Every structure is written in C-alpha cells, then in structure tokens.
Amino acid sequence: MIERNRCKSTTSTGNPCKGLALRDGYCFSHSPSLEEKRDQARSQGGKNSAKIARLRSLVPPRLIEVYDKLENALGEVHQGKLNPGQAQAMASIARAMVAVLTAGELEERVRSLEDNSKENR
Ligand SMILES: [Zn+2]
C-alpha cells in the first residue's frame, strides 16, 4: 500500500483514515477544500430524501434490509473497519439475491398476465 495515496486524517476511532486521498492529501470526507461541496451534497441529500423514501417503498422489504447492510458496509470499508474483499463478497451475494427476487417477481407477473388473457378468451 502506497502511503501517500491514503487520506492524512484519522477516523472517529483515532485510526488513520483509509480513504483514498485526493490532490490535497485528504479523502472526500476529510478534505477541507471540499467542505462546501459536502454541505451542498448534504442539503441535496435532504431534498432527495422524499424521493428516496418513495423509491424505498417500491423495493421488496427483504431487499431494503440488504440495501441498509450494503450502505453500512460502504461506510465501514471507508473507515477501514471492513475488509474490501468481504464487502466485495457482500455485493456479489446481494446482486445474486436481487436477480433471484426479480426473476420471481417477473414470473409472477407473466403468470397473472397469462391468467388474465385466458379469462378474456
Ligand atoms: Zn479521510
């Protein structure tokens, strides 16, 4: 691992931040020059939360749990608490779960369409 490519700051636990350093030597979360952008992103996040809430209501409940776990994992990888390989494995498993669930949902829709067309004959 090349030292200068890592963020110069420390995490809340006091360990060196493992975020990738930008030009100023800090990661996106710690860079003083990006403070304004971060504030913008945060307020934008507030504006988008209604949209996110609406989208979440469309996601199968089991996948919301998966999403929350992945979101946590992202933070933990950034903080150096979670091995990126483990996070990669989580992401692969999650992708497979989504594929299985969406295939099941598609099958259900096709069957209901088929049933409807039989009734209409
Ligand atoms: Zn950092």
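Basis of the calculations
- Residues numbered from 1 in each chain as written.
- Predicted model: local features only at pLDDT ≥ 70, side-chain atom pairs only at ≥ 80, totals over all residues.
- Helix = DSSP H or I, 4+ residues; strand = E, 2+ residues; numbered from the N terminus.
- Rg over C-alpha atoms; globule rule 2.2 N^0.38 Å.
- Domains from an automatic or database assignment.
- Contact = placed C-beta atoms within 7 Å.
- Axes fitted to C-alpha atoms, helices over the stretch in contact; angles between N-to-C directions.
- Parallel < 35°, antiparallel > 145°, perpendicular 65-115°, else oblique.
- Left-handed = near helix turned anticlockwise from the far one by under 90°.
- Expected span 1.5 Å × (residues − 1).

Trainee: Could you give me a rundown of the overall build of the protein chain, with the residues and numbers involved?
Mentor: Summing up its helical and strand segments, the protein chain has three helices and zero strands in all. In sequence order, the secondary structure elements of the protein chain are arranged as α-α-α. Its C-alpha radius of gyration of 21 Å places the protein chain more than 25% over the 14 Å reference for a compact globule of 121 residues. Projecting the C-alpha coordinates of the protein chain onto the three principal axes gives extents of approximately 70 × 35 × 25 Å.

Trainee: Let's hear about the domain arrangement of the protein chain: which residues, and what values?
Mentor: Split by domain assignment, the protein chain resolves into domain 1 (1-58) and domain 2 (59-121). Placing a centre on the C-alpha atoms of domain 1 and another on those of domain 2 gives a separation of 26 Å. The partner domain 2 presents five residues to the seven residues of domain 1 that form the contact.

Trainee: A description of the packing of helix H2 (residues 61-79) against helix H3 (residues 84-119) should follow, citing residues and the corresponding values.
Mentor: For the pair H2 and H3, the least separation of the axes is 10 Å and the interaxial angle reads 165°. As judged from the angle between their axes, H2 and H3 are roughly antiparallel. Crossing angle aside, the handedness with which H2 passes H3 is left-handed. Two secondary-structure elements touch here, H2 through Arg62, Leu63, Val66, Lys69, Leu70, Ala73 and Val77 and H3 through Pro84, Ala87, Met90, Ala91, Ala94, Met97, Val98 and Leu101.

Trainee: Requested: an account of H2, with residues and values cited.
Mentor: Between its first and last C-alpha, H2 extends 28 Å over 19 residues, near the 27 Å set by a 1.5 Å rise per residue. Residue Gly80 follows H2 closely and has a positive phi angle near 80°.

Trainee: How would you sum up the environment of Leu55? Please name residues and give values.
Mentor: Mapped onto the elements of the fold, Leu55 is located in helix H1 (residues 35-58). Considering only alpha carbons, one finds Leu55 and Leu82, 27 residues apart in sequence, at a separation of 28 Å.

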